[in-house]
Amino acid sequence: MPTANLLLHPVRMRILQALVGADELTTAQLRDRLPDVPPATMYRHIATLTQAGILEVVHERQVRGTVERSYRVRQEKAVVDADARTAMTKDDHRQAFTVFTGALMADFDRYLSRDDADPAREGVVYRQGAVWLTDDEFAELVEEVEAVVARRTHTAPGDGRTRHIISFVVLPDNNPTGAGADTGADTGG
């Protein structure tokens, strides 16, 4: 199973985000979606993800003397599983989370930099809430959230659909007494 370092590298994470929800994309299409990533860097990270089995080559065709490949994400391989997370040190988790949140902030900044960005009209949401759950209830909640998102990943572009990126972070609250605990209210956007 992939390590957090493999999946949460800033460029590789953006490549995976570009491919999630897309049936398949060529390297040229990925370069169009990520124009700030130099071509050599793009090719190197696509090769790394392909060698790790996270990306798969769907099609190959000859284009002007070179081979153009189409890639798709192997969803079941694009996760850091429980065993890999268990093997991570606290510093590994800190580094992985820093990359994750940095990529999230960069995505948000790229979105806001668009002249046509309209967060209110486009439904931009960022929220935080708290729930009190047993370990079993917590596992069930995570499964439910992942299932809801997974059901929506199979829709196709078109018919007025806009692609949305959904990021999910769960942190335990180290306030066991409940004093000052959040009631689940929205905190933003």
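Preceding this section is the structure that the text describes.
Cut-offs and rules
- Residues numbered from 1 in each chain as written.
- Predicted model: local features only at pLDDT ≥ 70, side-chain atom pairs only at ≥ 80, totals over all residues.
- Heavy atoms only, no water.
- Helix = DSSP H or I, 4+ residues; strand = E, 2+ residues; numbered from the N terminus.
- Buried < 20%, exposed > 50% of the residue type's maximum accessible area, 1.4 Å probe, protein only.
- Contact = heavy atoms within 4.5 Å.
- Areas by Shrake-Rupley, 256 points an atom, 1.4 Å probe, with all protein chains shown as cover.
- Lys, Arg positive; Asp, Glu negative; His and termini not counted.
- Charge placed at Lys NZ, Arg CZ, Asp CG, Glu CD.
- Expected span 1.5 Å × (residues − 1).
- Pairing = 2+ DSSP bridges.
- Axes fitted to C-alpha atoms, helices over the stretch in contact; angles between N-to-C directions.

*Asks:* I tried to follow the overall build of the protein on my own but got confused; where do I start?
*Replies:* Tallying secondary structure elements over the protein gives seven helices and three strands in all. Helices and strands in the protein line up, N terminus first, as α-α-β-α-α-β-β-α-α-α. Each of the three principal axes of the protein carries a C-alpha extent, and together these read 65 × 40 × 30 Å. Across the 189 residues that make up the protein, the buried fraction comes to 22%. A fraction of 59% describes how many contacts in the protein between residues 6 or more apart in sequence connect residues 24 or more apart. Carbon and sulfur atoms form 53% of the exposed surface of the protein, whose accessible area is close to 13500 Å². The centroid of the 22 positive side-chain charges in the protein is displaced by 8 Å from the centroid of its 29 negative side-chain charges.

*Asks:* Explain helix α6 (residues 90-113) here, please?
*Replies:* In an α-helix, one turn spans 3.6 residues; hence positions three or four apart end up facing the same way. Taking 1.5 Å of rise per residue, 24 residues should cover 34 Å, and α6 covers 34 Å from first to last C-alpha, within 8% of that figure. For α6, every residue scored as buried is listed here: A96, V99, F100, A103 and Y111. If you follow the buried residues of α6, they end up packed against α1 (4-7) and α2 (10-19).

*Asks:* How do you make sense of the side chain of S70 when you look at a structure like this?
*Replies:* Summarising the element assignment, S70 is placed in strand β3 (residues 66-73). Excluding residues within four positions of it along the chain, S70 makes contact with E24, L25, T26, E56, V57, V58 and H59.

*Asks:* Can you help me understand the pairing of strand β2 (residues 55-63) in this one?
*Replies:* In summary, the side chains of a regular strand alternate between the two faces of the sheet. Sheet topology places β2 next to β3; eight bridges connect them, and they run antiparallel. By the bridge assignment for β3, L55 is matched with V73. Once β2 ends, the chain turns through two residues before running back antiparallel as β3, passing R64 with a positive phi of about 45°.

*Asks:* Please explain the sheet that holds β2 as it appears in this structure.
*Replies:* Across a sheet, strands are paired by hydrogen bonds formed along the backbone, either parallel or antiparallel in direction. Pairing in this open sheet of three strands is antiparallel, and the strands run β1-β3-β2 from one edge to the other. Sheet topology places β1 (25-26) and β2 at the edges, where each strand pairs with a single neighbour. Across two bridges, the pairing between β1 and β3 is antiparallel. Across the sheet, residue T26 finds its bridge partner in β3, namely S70. Contacting β1, β2 and β3, α2 crosses the sheet at an angle of about 80° to β3. Across the sheet, helix α4 (residues 39-51) lies against β2 and β3, angled at about 125° from β2, the strand it touches most.

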